[in-house]
Amino acid sequence: MAVSEPPGERAPVVTMRGVSKWFGSFQVLRAIDLDVHRAERIVVCGPSGSGKSTLIRCLNQLEAHQDGTITVDGVELRPDLPGIEAVRREIGMVFQRFNLFPHLTALENCMLAPMKVRGLSRAAAEEAARTYLARVRIPEQAHKYPVQLSGGQQQRVAIARSLCMNPKIMLFDEPTSALDPEMVGEVLDVMVELAESGMTMVVVTHEMGFARRVADRVVFMDQGEIVEVAPPAAFFDHPRNERTRRFLSQILPAGLPETN
Amino acid sequence: MTYEFEFGEVFAYWPELAAGAAHTLVLSTLAMAIGMVVAVLGALAKTSGPVWLRWIIDAYIELIRNTPFLIQIFLIFFGLPSIGLRLSPDAAALTALVVNVGAYGIEIIRAGIESIDGGQIEAGRSLGMKPLQIFRYVVLKPAIQAIYPALTSQFILLMLNSSVCSAIAASELTAAAGDIQSRNFRSFEVYLVVTGIYFALSVVLWSAFAGIEQAFLRKPSRR
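The model shown is predicted, which means the values in this text are computed figures rather than measured ones.

Definitions and limits used
Residues numbered from 1 in each chain as written. Chains lettered and ligands numbered in written order. Predicted model: local features only at pLDDT ≥ 70, side-chain atom pairs only at ≥ 80, totals over all residues. Heavy atoms only, no water. Phe/Tyr/Trp six-rings, centres within 6.5 Å; stacked < 30°, edge-to-face > 60°. Helix = DSSP H or I, 4+ residues; strand = E, 2+ residues; numbered from the N terminus. Lys NZ or Arg CZ within 6 Å of the ring centre and 35° of its normal. Buried < 20%, exposed > 50% of the residue type's maximum accessible area, 1.4 Å probe, protein only. Pairing = 2+ DSSP bridges. UniProt positions renumbered as here; feature names shortened; annotations may be inferred. Contact = heavy atoms within 4.5 Å. Buried area = accessible area lost by both parts, 1.4 Å probe. Salt bridge = Lys/Arg side-chain N within 4 Å of Asp/Glu carboxyl O. Polar contact = N/O pair within 3.5 Å; in protein donor to acceptor, adjacent residues only side chain to side chain. pLDDT = per-residue confidence, 0-100. Disulfide = S-S within 2.5 Å. Axes fitted to C-alpha atoms, helices over the stretch in contact; angles between N-to-C directions. Arc of directions from axis to C-beta.

**Some thoughts on the packing of aromatic side chains**
For any pair of aromatic rings, geometry is given as the distance between the ring centres together with the angle between the planes.
Here is step 1 of the chain: In this structure the tally under the stated criterion is 11 aromatic pairs over all chains.
Here is step 2 of the chain: Centroid distance Phe 74 of chain B to Phe 78 of chain B: 5.3 Å. Interplanar angle 55°. Geometry classified as tilted. Residue Phe 74 of chain B and its partner Phe 78 of chain B are both found in helix H4 (residues 69-79); the two are separated by four residues, about one turn of the helix.
Here is step 3 of the chain: Three or more aromatic residues link up through ring pairs in this structure, and these residues are Tyr 3, Phe 5, Phe 7, Phe 11 and Phe 188 of chain B.
Here is step 4 of the chain: Cation over ring: Arg 161 of chain A sits above Phe 101 of chain A, and NZ or CZ is 4.6 Å from the ring centre.

**Focus: the pairing of strand S9 (residues 217-222) of chain A**
Residue and element names in this part refer to chain A.
Here is step 1 of the chain: Among the six residues in S9, six count as buried, and that is most of the element.
Here is step 2 of the chain: Side chains Arg 217, Val 219 and Met 221 of S9 all project onto a buried face; the interleaved residues Val 218, Phe 220 and Asp 222 project onto the opposite face, where all are buried too.
Here is step 3 of the chain: Where S9 lies against strand S10 (residues 225-230), five bridges are found, and the strand directions are antiparallel. Looking at the pairing, Val 219 lines up with Val 229 of S10.
Here is step 4 of the chain: Counting the residues between successive antiparallel strands, the hairpin from S9 to S10 contains two residues, one of them, Gln 223, with a positive phi of roughly 50°.

**Describing the UniProt feature "transmembrane region" (unreviewed entry) in chain B**
Residue and element names in this part refer to chain B.
Here is step 1 of the chain: Mapped onto the present numbering, the UniProt feature "transmembrane region" (unreviewed entry) falls on residues 20-45, 66-85, 157-178 and 190-212.
Here is step 2 of the chain: Taken as a whole, residues 20-45 contains 100% helix and 0% strand, while its terminal C-alpha atoms sit 37 Å from one another.
Here is step 3 of the chain: Segment residues 66-85 splits into 55% helix and 0% strand. End C-alpha atoms: 24 Å apart.

**Quick notes on the UniProt feature "domain: ABC transporter" (unreviewed entry) in chain A**
Here is step 1 of the chain: Following the UniProt record, one finds the feature "domain: ABC transporter" (unreviewed entry) at residues 14-248 of chain A.
Here is step 2 of the chain: Across residues 14-248 of chain A, helical content stands at 37% and strand content at 26%; the span's end C-alpha atoms are separated by 27 Å.

**As for the interface of chain A and chain B**
Here is step 1 of the chain: Counting residues at the interface gives 29 residues for chain A, matched by 23 residues for chain B.
Here is step 2 of the chain: Across the chain A to chain B interface the summed buried area is about 2200 Å²; carbon plus sulfur atoms make up 60%.
Here is step 3 of the chain: At the boundary of chain A and chain B, one finds one salt bridge.
Here is step 4 of the chain: Between Glu 122 of chain B and Arg 57 of chain A there is a salt bridge whose closest N-O contact spans 2.5 Å.
Here is step 5 of the chain: Joining chain A to chain B, the criterion identifies five residue pairs in polar contact (both at pLDDT 80 or more).

**Description of the confidence of the model for chain B**
Here is step 1 of the chain: With 100% of its residues at a pLDDT of 70 or more, chain B shows a mean pLDDT of 95.
Here is step 2 of the chain: Interface confidence for the predicted complex, expressed as ipTM, amounts to 0.91; the pTM equals 0.90.

**Some thoughts on the state of the cysteines**
By definition, a disulfide links the sulfur atoms of two cysteine residues through a covalent bond.
Residue and element names in this part refer to chain A.
Here is step 1 of the chain: Within the structure shown, the criterion is met by zero disulfides over all chains.
Here is step 2 of the chain: Its sulfur unpaired, Cys 164 is 4.5 Å from the next cysteine sulfur, which belongs to Cys 110.
Here is step 3 of the chain: What makes Cys 164 buried here is its relative accessible area of 6%.

**Digging into the sheet that holds strand S6 (residues 91-94) of chain A**
Residue and element names in this part refer to chain A.
Here is step 1 of the chain: The strand order S6-S7-S8-S3-S9-S10 describes an open sheet built from six strands, whose pairing is mixed. Of all strands in the sheet, those with a lone pairing partner are S6 and S10, marking the two edges. Across the sheet, the mean angle separating the axes of adjacent strands is 15° when strand polarity is ignored.
Here is step 2 of the chain: The sheet contacts of helix H5 (residues 151-163) involve S6 and strand S7 (169-173), and relative to S6 the element is tilted by about 170°.
Here is step 3 of the chain: Where helix H6 (residues 181-196) meets the sheet, its contacts fall on strand S3 (41-45), S7 and strand S8 (200-204), and the angle it forms with S8 comes to roughly 150°.

**A closer look at the pairing of S7 of chain A**
Residues and elements named next belong to chain A.
Here is step 1 of the chain: With five of five residues buried, S7 lies mostly within the body of the structure.
Here is step 2 of the chain: Burial of the side chains of S7 extends over both faces: Ile 169, Leu 171 and Asp 173 are buried on one face and Met 170 and Phe 172 on the other.
Here is step 3 of the chain: Examined bridge by bridge, S7 and S8 share five bridges and lie parallel to one another. Bridged to Ile 169 within S8 is Thr 200.

**Points about H4 of chain B**
Residue and element names in this part refer to chain B.
Here is step 1 of the chain: Of all the residues in H4, the buried ones are Phe 69, Gln 72, Ile 73, Ile 76 and Phe 77. Angular distribution of buried residues about the axis of H4 spans 115°; they occupy a single face of the element.
Here is step 2 of the chain: Check the buried side of H4 and you find it contacts helix H3 (51-65), helix H5 (89-114) and helix H7 (131-161).

Given below as structure tokens:
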């Protein structure tokens, strides 16, 4: 299907062409075409099992695709690509279940990869870690361990941990789905700020308010296909596809979210 | 039936007992340290090595865990010279202890590795860490924390098992006891005292293990 053009003429950071993937005989991705441009914010939504998590997990090859091409920052990704680590360190990822390292403090979680992967000195890594922990508004939690933090705090540490690697793009895999409702806001606020700072973001989420407020384009997936791609106003107010309309009516029973 | 205990005749040999106890402690500690390296490397290979290597490690583990320790010592001390590898009793004892504890240790540490949530490994990969970096910095410490009680129990067993090394006249506590009772014919007293010394050595090791846990492996408590 046609890929709708984003505003401005910016080079794509990510290009997916005809990407397909199977789990056994079940096809989870069907000929996905998608470009992500620099500083673009893309929200991917769709019913569970639609392939949206698999799609972003292919972008850093936590999952291997079996057909088609994925290019990230000029490098074509293949499962057997030597030095896939060099690609991954430019791609931040935030997981549904935070996945912090339990034996390290918040600060150490943020310092580990910059020291071991980027070769930063301890002092430089600590300075960066403190900067980003302040940016996600938990500088005072630096010396706590993950079990000592709330879910919302853990997810913000996870975001800071990714940012410490200075990624070119950030992937979010349902970052608020495992949170208690009262903690969703603090994580979304941090993500909104990140978007406003110009970070390239691909966010899988059901938070339609976030999508409307932040996204440049909303991608709707169903049964492994991209069904519709549109800027949020068009996506929410005039969905073209019947499947999109049905999905929106299910997750937005009280009407479409307001722009705030 | 009455028996007159004569512990004085045992304590007269205290320098030999002390030397034996010290040898047991050194032999066991060395075997633990080297065995730990074997166990970690073996567990790494068993969880993420090539298939042929896993097969070899499985064979090693099954062989060691299903044969008597005494026979393992005899094979190393009396068997290996036949192919030109002659070890001193102490070296053979250390080798046998390492080979033995390594097999049990691999399975214990493998269980610890497999208890690690896959999400943490994915987080390490997504940060650009290489597999060995993930193993060393993300997996290893929580894995050891998870199985530390099983591992230390195995190490205590190793120290107690080291008494079997007296069979090849390695210089350790049980051999010293055998020497003494062959001279003073006070077997009951000698082995009672040696029982006490082994017990004391166990207490020393348990304390050391607790101290190591407190210093390096303490898990953070909730708030």
